[in-house]
Amino acid sequence: MDRSEAVLRELKLHPQWVRRNQPAPVLAEQPALITAEAEARVPAAAVISMHPAPPLAPGEACPEPCRRVEEPAQAEINDIHAGSSVAVPASQADKLNWPELKQRVHDCIACKLRAGCTQTVFGVGDEQAEWLFVGEGPGVDEDAQGEPFVGQAGKLLDNMLLSIKLRRGKNVYIANIVKCRPPNNRVPEADEIATCMPYLQRQIELIKPKLIVALGKTAATALLGRDAALGSLRGTLHDYHGIPLVVTYHPAYLLRSPMEKAKAWQDLCFAVRARHGEA
Ligand code: URA
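Attention in this report is confined to the structure presented alongside it. From a predicted model like this one, the values you see are computed outputs, not experimental measurements. (Residues numbered from 1 in each chain as written. Predicted model: local features only at pLDDT ≥ 70, side-chain atom pairs only at ≥ 80, totals over all residues. Heavy atoms only, no water.)

Things to note about the packing of aromatic side chains
- Evaluated as defined, the whole model comprises four aromatic pairs.
- Ring centres of W98 and F122 lie 6.0 Å apart, and the angle between their planes is 75°; this geometry places the pair in the edge-to-face category. Of this pair, W98 sits in helix α4 (residues 98-107) while F122 sits in the loop between α4 and β1 (124-125), and the two are 24 residues apart along the sequence. Like W98, the residue F122 is buried in the burial classification.
- Where W98 meets Y173, the ring centres are 5.9 Å apart and the plane angle is 35°; that geometry is what we call tilted. Linking W98 in helix α4 with Y173 in strand β3 (residues 172-176), this pair joins segments that are 75 residues apart in sequence.
- Using a relative accessible area of 13% as the deciding quantity, one classes W98 as buried. (Phe/Tyr/Trp six-rings, centres within 6.5 Å; stacked < 30°, edge-to-face > 60°. Helix = DSSP H or I, 4+ residues; strand = E, 2+ residues; numbered from the N terminus. Buried < 20%, exposed > 50% of the residue type's maximum accessible area, 1.4 Å probe, protein only.)

What follows is the structure in C-alpha coordinates.
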(Lines give C-alpha, C1' and ligand atoms only; values in the text may rest on other atoms or scores of the structure.)
Protein backbone atom coordinates (compact mmCIF):
# COMPACT_ATOMS: atom_id res chain seq x y z
CA MET A 1 0.00 0.00 0.00
CA ASP A 2 1.55 3.33 -0.98
CA ARG A 3 1.44 6.40 1.23
CA SER A 4 -1.44 8.18 -0.48
CA GLU A 5 -3.57 5.04 -0.27
CA ALA A 6 -2.73 4.76 3.42
CA VAL A 7 -3.78 8.39 3.94
CA LEU A 8 -7.03 7.85 2.06
CA ARG A 9 -7.76 4.71 4.08
CA GLU A 10 -7.11 6.58 7.30
CA LEU A 11 -9.56 9.25 6.16
CA LYS A 12 -12.09 6.56 5.25
CA LEU A 13 -11.93 7.75 1.65
CA HIS A 14 -10.60 4.56 0.15
CA PRO A 15 -11.25 3.00 -2.28
CA GLN A 16 -11.28 5.90 -4.68
CA TRP A 17 -13.80 5.61 -7.47
CA VAL A 18 -12.25 5.69 -10.87
CA ARG A 19 -14.01 5.49 -14.20
CA ARG A 20 -13.36 2.36 -16.17
CA ASN A 21 -10.50 2.61 -18.66
CA GLN A 22 -9.08 5.61 -16.85
CA PRO A 23 -5.86 5.60 -14.85
CA ALA A 24 -6.23 6.15 -11.12
CA PRO A 25 -5.67 9.69 -9.89
CA VAL A 26 -2.20 10.20 -8.59
CA LEU A 27 -1.79 11.88 -5.22
CA ALA A 28 1.86 12.75 -5.24
CA GLU A 29 3.41 13.60 -1.90
CA GLN A 30 4.50 17.14 -2.52
CA PRO A 31 3.86 19.15 -5.65
CA ALA A 32 0.55 20.96 -5.64
CA LEU A 33 0.81 22.06 -9.26
CA ILE A 34 -1.59 20.17 -11.49
CA THR A 35 -0.51 19.76 -15.06
CA ALA A 36 -2.91 20.17 -17.96
CA GLU A 37 -2.40 16.48 -18.65
CA ALA A 38 -3.40 15.55 -15.10
CA GLU A 39 -6.35 17.91 -15.16
CA ALA A 40 -7.67 16.28 -18.29
CA ARG A 41 -6.88 12.77 -17.12
CA VAL A 42 -8.32 12.75 -13.61
CA PRO A 43 -12.07 12.41 -13.63
CA ALA A 44 -13.54 14.94 -11.25
CA ALA A 45 -16.17 12.60 -9.91
CA ALA A 46 -13.44 10.17 -8.96
CA VAL A 47 -11.38 12.77 -7.20
CA ILE A 48 -13.76 14.99 -5.35
CA SER A 49 -16.43 12.59 -4.37
CA MET A 50 -15.90 9.18 -2.98
CA HIS A 51 -19.58 9.14 -2.07
CA PRO A 52 -21.43 10.84 -4.91
CA ALA A 53 -24.93 11.84 -4.02
CA PRO A 54 -27.60 11.00 -6.59
CA PRO A 55 -29.76 13.89 -7.78
CA LEU A 56 -32.82 14.36 -5.62
CA ALA A 57 -36.18 13.21 -6.89
CA PRO A 58 -38.97 15.78 -6.60
CA GLY A 59 -40.07 15.92 -2.97
CA GLU A 60 -37.19 13.73 -1.78
CA ALA A 61 -35.58 14.83 1.46
CA CYS A 62 -32.19 16.39 1.01
CA PRO A 63 -29.42 14.45 2.81
CA GLU A 64 -27.45 17.64 3.18
CA PRO A 65 -28.09 20.60 5.45
CA CYS A 66 -28.48 22.67 2.34
CA ARG A 67 -31.51 24.90 2.42
CA ARG A 68 -34.04 22.15 3.00
CA VAL A 69 -33.49 20.90 6.51
CA GLU A 70 -36.13 21.21 9.14
CA GLU A 71 -35.84 24.03 11.58
CA PRO A 72 -35.22 23.08 15.20
CA ALA A 73 -38.33 23.56 17.28
CA GLN A 74 -38.60 27.11 18.46
CA ALA A 75 -38.43 25.80 22.01
CA GLU A 76 -34.92 24.55 21.25
CA ILE A 77 -33.77 28.02 20.43
CA ASN A 78 -32.88 29.32 23.82
CA ASP A 79 -33.25 32.97 24.61
CA ILE A 80 -29.54 33.25 24.15
CA HIS A 81 -29.49 36.98 24.35
CA ALA A 82 -30.87 37.40 27.80
CA GLY A 83 -28.57 40.08 29.11
CA SER A 84 -25.54 38.60 27.36
CA SER A 85 -24.25 41.09 24.84
CA VAL A 86 -24.10 44.67 23.77
CA ALA A 87 -24.73 45.50 20.12
CA VAL A 88 -21.41 46.71 18.70
CA PRO A 89 -21.44 47.47 14.98
CA ALA A 90 -19.47 44.88 13.06
CA SER A 91 -18.04 47.77 11.07
CA GLN A 92 -15.76 48.50 14.03
CA ALA A 93 -13.74 45.36 13.46
CA ASP A 94 -10.94 46.83 11.41
CA LYS A 95 -8.28 47.17 14.11
CA LEU A 96 -9.02 44.03 16.11
CA ASN A 97 -6.47 41.28 16.70
CA TRP A 98 -7.46 37.59 16.56
CA PRO A 99 -8.66 37.20 20.17
CA GLU A 100 -10.55 40.51 20.02
CA LEU A 101 -12.14 39.62 16.71
CA LYS A 102 -13.21 36.18 17.93
CA GLN A 103 -14.73 37.72 21.03
CA ARG A 104 -16.48 40.40 18.97
CA VAL A 105 -18.04 37.81 16.68
CA HIS A 106 -18.96 35.66 19.67
CA ASP A 107 -20.75 38.59 21.28
CA CYS A 108 -22.31 39.94 18.09
CA ILE A 109 -26.02 40.68 17.99
CA ALA A 110 -25.74 43.24 15.22
CA CYS A 111 -28.27 41.57 12.93
CA LYS A 112 -31.38 39.45 13.30
CA LEU A 113 -29.66 36.14 12.52
CA ARG A 114 -28.17 35.75 15.98
CA ALA A 115 -31.57 35.43 17.62
CA GLY A 116 -32.35 32.27 15.64
CA CYS A 117 -29.07 30.39 15.78
CA THR A 118 -27.37 28.39 18.48
CA GLN A 119 -23.95 30.00 18.29
CA THR A 120 -21.75 32.04 16.01
CA VAL A 121 -19.42 30.12 13.69
CA PHE A 122 -16.23 32.12 13.41
CA GLY A 123 -14.03 30.16 11.03
CA VAL A 124 -11.41 27.48 11.33
CA GLY A 125 -7.91 26.70 10.21
CA ASP A 126 -4.41 27.97 9.85
CA GLU A 127 -4.41 31.66 10.70
CA GLN A 128 -1.47 32.18 8.35
CA ALA A 129 -2.91 30.06 5.56
CA GLU A 130 -2.12 30.77 1.95
CA TRP A 131 -5.50 29.33 0.95
CA LEU A 132 -8.81 30.78 2.14
CA PHE A 133 -12.08 29.04 1.26
CA VAL A 134 -15.22 31.07 1.83
CA GLY A 135 -18.71 29.60 1.99
CA GLU A 136 -22.09 31.17 2.54
CA GLY A 137 -23.12 30.59 6.14
CA PRO A 138 -23.46 27.88 8.77
CA GLY A 139 -25.96 25.08 8.27
CA VAL A 140 -27.55 22.98 10.96
CA ASP A 141 -24.41 20.92 11.70
CA GLU A 142 -22.16 23.94 11.75
CA ASP A 143 -24.62 25.73 14.03
CA ALA A 144 -24.52 22.78 16.42
CA GLN A 145 -20.74 22.28 16.34
CA GLY A 146 -19.52 25.86 15.93
CA GLU A 147 -17.24 25.01 12.99
CA PRO A 148 -17.72 25.71 9.28
CA PHE A 149 -18.35 22.90 6.80
CA VAL A 150 -18.71 19.94 9.14
CA GLY A 151 -21.81 18.40 7.50
CA GLN A 152 -22.09 16.53 4.21
CA ALA A 153 -20.99 19.58 2.23
CA GLY A 154 -18.00 19.80 4.52
CA LYS A 155 -17.04 16.21 3.78
CA LEU A 156 -17.12 17.01 0.10
CA LEU A 157 -15.10 20.17 0.70
CA ASP A 158 -12.51 18.10 2.57
CA ASN A 159 -12.31 15.76 -0.43
CA MET A 160 -12.01 18.71 -2.77
CA LEU A 161 -9.11 19.98 -0.66
CA LEU A 162 -7.52 16.55 -0.66
CA SER A 163 -7.80 16.37 -4.43
CA ILE A 164 -5.40 19.31 -4.69
CA LYS A 165 -3.27 18.03 -1.81
CA LEU A 166 -4.61 20.43 0.76
CA ARG A 167 -6.04 19.65 4.15
CA ARG A 168 -8.34 21.50 6.51
CA GLY A 169 -6.24 23.40 9.01
CA LYS A 170 -2.96 22.98 7.17
CA ASN A 171 -2.22 26.07 5.09
CA VAL A 172 -6.00 26.32 4.69
CA TYR A 173 -8.53 28.53 6.44
CA ILE A 174 -12.28 28.07 6.04
CA ALA A 175 -14.78 30.82 6.76
CA ASN A 176 -18.24 31.95 5.80
CA ILE A 177 -19.80 35.18 4.62
CA VAL A 178 -22.18 35.24 7.59
CA LYS A 179 -21.27 33.82 10.97
CA CYS A 180 -24.78 32.87 12.09
CA ARG A 181 -27.05 30.25 10.60
CA PRO A 182 -29.93 31.79 8.65
CA PRO A 183 -33.33 30.36 9.61
CA ASN A 184 -34.34 27.34 7.53
CA ASN A 185 -30.89 27.61 5.93
CA ARG A 186 -32.19 30.35 3.68
CA VAL A 187 -29.76 32.49 1.73
CA PRO A 188 -28.52 35.35 3.90
CA GLU A 189 -30.17 38.68 3.11
CA ALA A 190 -28.28 41.69 1.82
CA ASP A 191 -28.42 43.58 5.12
CA GLU A 192 -27.21 40.51 7.05
CA ILE A 193 -24.30 40.10 4.64
CA ALA A 194 -23.45 43.80 4.81
CA THR A 195 -23.52 43.71 8.61
CA CYS A 196 -21.33 40.62 8.87
CA MET A 197 -18.81 41.34 6.09
CA PRO A 198 -16.47 43.48 8.23
CA TYR A 199 -15.69 40.36 10.27
CA LEU A 200 -14.63 38.42 7.19
CA GLN A 201 -12.75 41.44 5.90
CA ARG A 202 -10.79 41.58 9.15
CA GLN A 203 -10.16 37.82 9.02
CA ILE A 204 -8.76 38.26 5.53
CA GLU A 205 -6.57 41.18 6.64
CA LEU A 206 -5.17 39.08 9.47
CA ILE A 207 -4.69 35.86 7.47
CA LYS A 208 -3.29 37.57 4.37
CA PRO A 209 -4.08 34.58 2.15
CA LYS A 210 -2.38 34.21 -1.21
CA LEU A 211 -5.58 32.97 -2.83
CA ILE A 212 -9.27 33.11 -1.97
CA VAL A 213 -11.67 30.48 -3.27
CA ALA A 214 -15.28 31.68 -3.21
CA LEU A 215 -17.61 28.70 -2.82
CA GLY A 216 -20.89 29.47 -4.53
CA LYS A 217 -22.78 32.51 -5.63
CA THR A 218 -23.37 34.11 -2.23
CA ALA A 219 -19.66 34.13 -1.42
CA ALA A 220 -18.70 35.26 -4.91
CA THR A 221 -21.25 38.05 -4.97
CA ALA A 222 -20.36 39.32 -1.50
CA LEU A 223 -16.61 39.24 -2.08
CA LEU A 224 -16.65 40.64 -5.59
CA GLY A 225 -19.35 43.21 -4.86
CA ARG A 226 -21.34 42.37 -7.94
CA ASP A 227 -24.16 40.05 -8.78
CA ALA A 228 -23.47 37.76 -11.71
CA ALA A 229 -24.26 34.21 -12.70
CA LEU A 230 -21.78 31.86 -11.06
CA GLY A 231 -20.96 30.24 -14.39
CA SER A 232 -19.82 33.57 -15.78
CA LEU A 233 -17.44 34.10 -12.84
CA ARG A 234 -15.67 30.74 -13.14
CA GLY A 235 -12.34 30.40 -14.90
CA THR A 236 -11.37 34.04 -14.33
CA LEU A 237 -8.80 35.31 -11.89
CA HIS A 238 -10.62 37.97 -9.87
CA ASP A 239 -9.23 40.36 -7.32
CA TYR A 240 -10.27 40.98 -3.74
CA HIS A 241 -8.37 44.00 -2.43
CA GLY A 242 -5.21 42.83 -4.17
CA ILE A 243 -5.67 39.13 -3.35
CA PRO A 244 -6.34 36.75 -6.27
CA LEU A 245 -9.77 35.17 -6.04
CA VAL A 246 -11.33 32.29 -7.94
CA VAL A 247 -14.92 31.15 -7.96
CA THR A 248 -16.32 27.66 -7.94
CA TYR A 249 -19.51 25.85 -7.06
CA HIS A 250 -20.66 25.44 -3.49
CA PRO A 251 -20.14 21.86 -2.25
CA ALA A 252 -23.81 21.63 -1.22
CA TYR A 253 -24.77 22.44 -4.80
CA LEU A 254 -22.36 19.77 -6.03
CA LEU A 255 -24.04 17.22 -3.78
CA ARG A 256 -27.34 18.04 -5.46
CA SER A 257 -25.85 18.29 -8.95
CA PRO A 258 -23.06 15.73 -9.11
CA MET A 259 -22.65 16.18 -12.86
CA GLU A 260 -21.16 19.60 -12.11
CA LYS A 261 -18.27 18.07 -10.20
CA ALA A 262 -16.23 17.92 -13.38
CA LYS A 263 -16.45 21.71 -13.60
CA ALA A 264 -15.51 22.06 -9.95
CA TRP A 265 -12.45 19.94 -10.63
CA GLN A 266 -11.52 22.30 -13.48
CA ASP A 267 -11.94 25.22 -11.09
CA LEU A 268 -9.70 23.59 -8.50
CA CYS A 269 -7.03 23.01 -11.12
CA PHE A 270 -7.40 26.63 -12.16
CA ALA A 271 -7.02 27.66 -8.51
CA VAL A 272 -3.80 25.66 -8.19
CA ARG A 273 -2.45 27.31 -11.33
CA ALA A 274 -3.48 30.70 -9.99
CA ARG A 275 -1.70 29.98 -6.72
CA HIS A 276 1.45 29.30 -8.72
CA GLY A 277 1.04 32.46 -10.75
CA GLU A 278 0.18 30.48 -13.86
CA ALA A 279 -3.42 31.45 -14.42
N1 URA B 1 -22.49 25.74 3.83
C2 URA B 1 -21.77 26.87 3.95
O3 URA B 1 -21.81 27.75 3.11
N4 URA B 1 -20.98 27.00 5.01
C5 URA B 1 -20.88 26.07 5.96
O6 URA B 1 -20.13 26.27 6.91
C7 URA B 1 -21.63 24.90 5.81
C8 URA B 1 -22.44 24.74 4.73
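Looking at the environment of K179
- Along the chain, the position of K179 falls in the loop between β3 and α7 (190-207).
- You can call K179 buried: its relative accessible area is 1%.
- Separated by 56 residues in the primary sequence, K179 and G123 place their C-alpha atoms 8.1 Å from one another.
- Look past the residues within four positions of K179 in its chain and what remains in contact with it is V105, Q119, T120, V121, F122, P138, C196, Y199, L200 and Q203.
- A distance of 3.0 Å separates a polar side-chain atom of K179 from the backbone oxygen of N176. (Contact = heavy atoms within 4.5 Å. Polar contact = N/O pair within 3.5 Å; in protein donor to acceptor, adjacent residues only side chain to side chain.)

What to know about the sheet that holds β3
- The six strands are arranged β1-β3-β2-β4-β6-β5 in an open sheet whose pairing can be described as mixed. Strands at the two margins of the open sheet, each flanked by one partner only, are β1 and β5 (238-240).
- Pairing of β1 with β3, which is carried by two bridges, proceeds in the antiparallel orientation. Of the residues in β3, the one forming a bridge with V124 is I174. (Pairing = 2+ DSSP bridges.)

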